[in-house]
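Each chain, written out:
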Amino acid sequence: TSGPTLEAIRFGEWEIEPWCTSSYEMEYIANSLVYVCEFCLKYMRSEFIADRHKMKCPVRHPPGDEIYRDGPISIFEVDGRKNKIYCQNLCLFAKMFIAHKTLFFDVEPFLFYVMTEADDTGCHFVGYFSKEKRSQGNHNVSCILILPIHQRKGYGNLLIEFSYLLTNRENKIGSPEKPLSKSGLHSYRYYWKNVLFEELNKDRKSISIQELSRLTSMTVDDVIATLQINNMIEKDEINDTYKIIVSKKVVEDHLRKVEAKGYPRIKPENLRWTPFILTRALNLKSTDDLTFRIADHMKLNDSS
């Protein structure tokens, strides 16, 4: 006979159905429901324990440095070595929604970039991506997830855009680890198309694939693949060369549709960050001011 299966995760005020097989210990899924703290990501086996934890848990935002903020959205950089338990809990939680995820406990070689939405109770988990501190293959993302309750808000595209902003600040080019899931591949193809169309819509006499790679921080392979999918590369059989074919109308029509969705975009000027391999400067925003931020939200709520 098969053992118990996890039917739902209680996460804050939400009850979420997992997409994949649980990696939590059998004793935690005996009642087919696991309770996860939305701030520290500790997992518990009963409502009583979860309620007790909620009263005592002092955590109101991810550990590490808040490196980006735009309105209620924040992104924190969390070091897998310095915050091992949090990152292990994050990986176990993410396994519920990422079929190919195998990393749970060896988190020390990774950095985790956690996106949150703030209100008067704290910074609530929205999604994250992880990346190796020293990638041999120019991978700027290892795993990426937006919780089902926060999808269709443009947050996946926002996290991908943020990962390329970090790659740009490192003066590198990057690409996510392969293979991508079906939904992940769809998200990346959408992002790649958007950024390439933005560059191709600018007034230029000519541009090369190498220049597109440098401007977007995408690899040459990803640039070529995106152009091919959108029928924008043509081979000159006589000279055995390739050229980029741009239809101004196709590009403009697509960009208008993207803009009409009104999804959030990353504001590069809001990033307070230096690459991991460099000495951390004092431009990292202290997490201490989150206390004032939460208070600001409470004032806004009180005045409404």
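On a predicted model such as this, the values are computed, not experimentally measured, just so you know.

Caption draft 1: Representation of the confidence of the model for the protein in the model. With 88% of its residues at a pLDDT of 70 or more, the protein shows a mean pLDDT of 87. When mean pLDDT is compared element by element in the protein, strand β6 (residues 73-79) scores highest at 98, while helix α8 (residues 290-303) scores lowest at 43. Here residues 278-288 is modelled with pLDDT under 50, and outside its nearest four sequence neighbours on either side it reaches 21 contacts, counting other chains as well. Here residues 291-304 is a poorly scored stretch, pLDDT under 50, and it has 18 contacts once near neighbours within four places are set aside; other chains count.

Caption draft 2: Structural detail: the sheet that holds strand β10 (residues 143-146). Across the sheet, five strands lie side by side as β5-β6-β7-β8-β10; this open sheet has antiparallel pairing. Of all strands in the sheet, those bounded by a partner on one side alone are β5 (65-70) and β10. With direction set aside, neighbouring strand axes in the sheet form an average angle of 20°. Looking at chain direction, strand β7 (residues 110-119) and strand β8 (residues 122-132) are connected through 10 bridges and run antiparallel. Bridged to Phe112 within β8 is Ser130. Along the sheet, helix α3 (residues 155-169) makes contact with β5, β6, β7, β8 and β10, crossing β8 at roughly 50°.

Caption draft 3: Representation of the UniProt feature "active site" (unreviewed entry) in the protein within the structure. Per the UniProt record, "active site" (unreviewed entry) is found at Glu177. Among the secondary structure elements, Glu177 is positioned in the loop between β11 (175-176) and α4 (182-200). Among residues more than four places away in sequence, those in contact with Glu177 are Glu132, His139, Val141 and Ser142.

Caption draft 4: Highlighting the sheet that holds strand β1 (residues 8-11). Strand order in the open sheet formed by four strands is β2-β1-β3-β4, with mixed pairing between adjacent strands. Looking at strand neighbours, the two that pair on one side only are β2 (14-16) and β4 (43-44), the edges of this open sheet. Strand direction decides the pairing type here: strand β3 (residues 33-36) and β4, joined by two bridges, are antiparallel. For Val36, the partnering residue across the bridge sits in β4 and is Tyr43.

Caption draft 5: Spatial organisation of the nonpolar core. Tyr113, Met115, Phe162 and Leu227 are the most contacted members of the largest nonpolar core, which totals 37 residues. The contact partners of Phe162, leaving out residues within four places of it in the chain, are Ile67, Tyr68, Ile75, Tyr113, Phe129, Ile266 and Leu271.

Caption draft 6: The pattern of salt bridges, seen in detail. By the definition in use, this model includes 13 salt bridges. Among the salt bridges present, the one from Lys54 reaches Glu13, with a minimum N-O distance of 3.6 Å. On the criterion of sequence distance, the pair formed by Lys54 in helix α1 (residues 47-56) and Glu13 in the loop between β1 and β2 is long-range, its members being 41 residues apart. Here the salt bridges do not stand alone but share partners, grouping Glu161, Glu198 and Arg265 into one network.

Caption draft 7: Representation of the packing of α4 against helix α7 (residues 248-261). Orientation of α4 relative to α7, taken along the N-to-C sense of each, is 120°, at an axis distance of 10 Å. Considering the angle they form, α4 stands oblique to α7. The element α4 and its partner α7 pack so that their crossing is left-handed. Here Tyr190, Lys193, Asn194, Phe197, Glu198 and Leu200 of α4 lie close against α7, whose contacting residues are Lys248, Val250, Val251, His254, Leu255, Val258 and Lys261. Classifying every residue of the contact of α4 with α7 by side-chain character gives seven nonpolar, two polar and four charged.

Parameters at a glance
Residues numbered from 1 in each chain as written. Predicted model: local features only at pLDDT ≥ 70, side-chain atom pairs only at ≥ 80, totals over all residues. Heavy atoms only, no water. pLDDT = per-residue confidence, 0-100. Helix = DSSP H or I, 4+ residues; strand = E, 2+ residues; numbered from the N terminus. Contact = heavy atoms within 4.5 Å. Pairing = 2+ DSSP bridges. Axes fitted to C-alpha atoms, helices over the stretch in contact; angles between N-to-C directions. UniProt positions renumbered as here; feature names shortened; annotations may be inferred. Core = buried A, V, L, I, M, F, W, Y, C linked by side-chain atoms within 4.5 Å. Buried < 20%, exposed > 50% of the residue type's maximum accessible area, 1.4 Å probe, protein only. Salt bridge = Lys/Arg side-chain N within 4 Å of Asp/Glu carboxyl O. Parallel < 35°, antiparallel > 145°, perpendicular 65-115°, else oblique. Left-handed = near helix turned anticlockwise from the far one by under 90°. Nonpolar A, V, L, I, M, F, W, Y, C, P; charged D, E, K, R; others polar.

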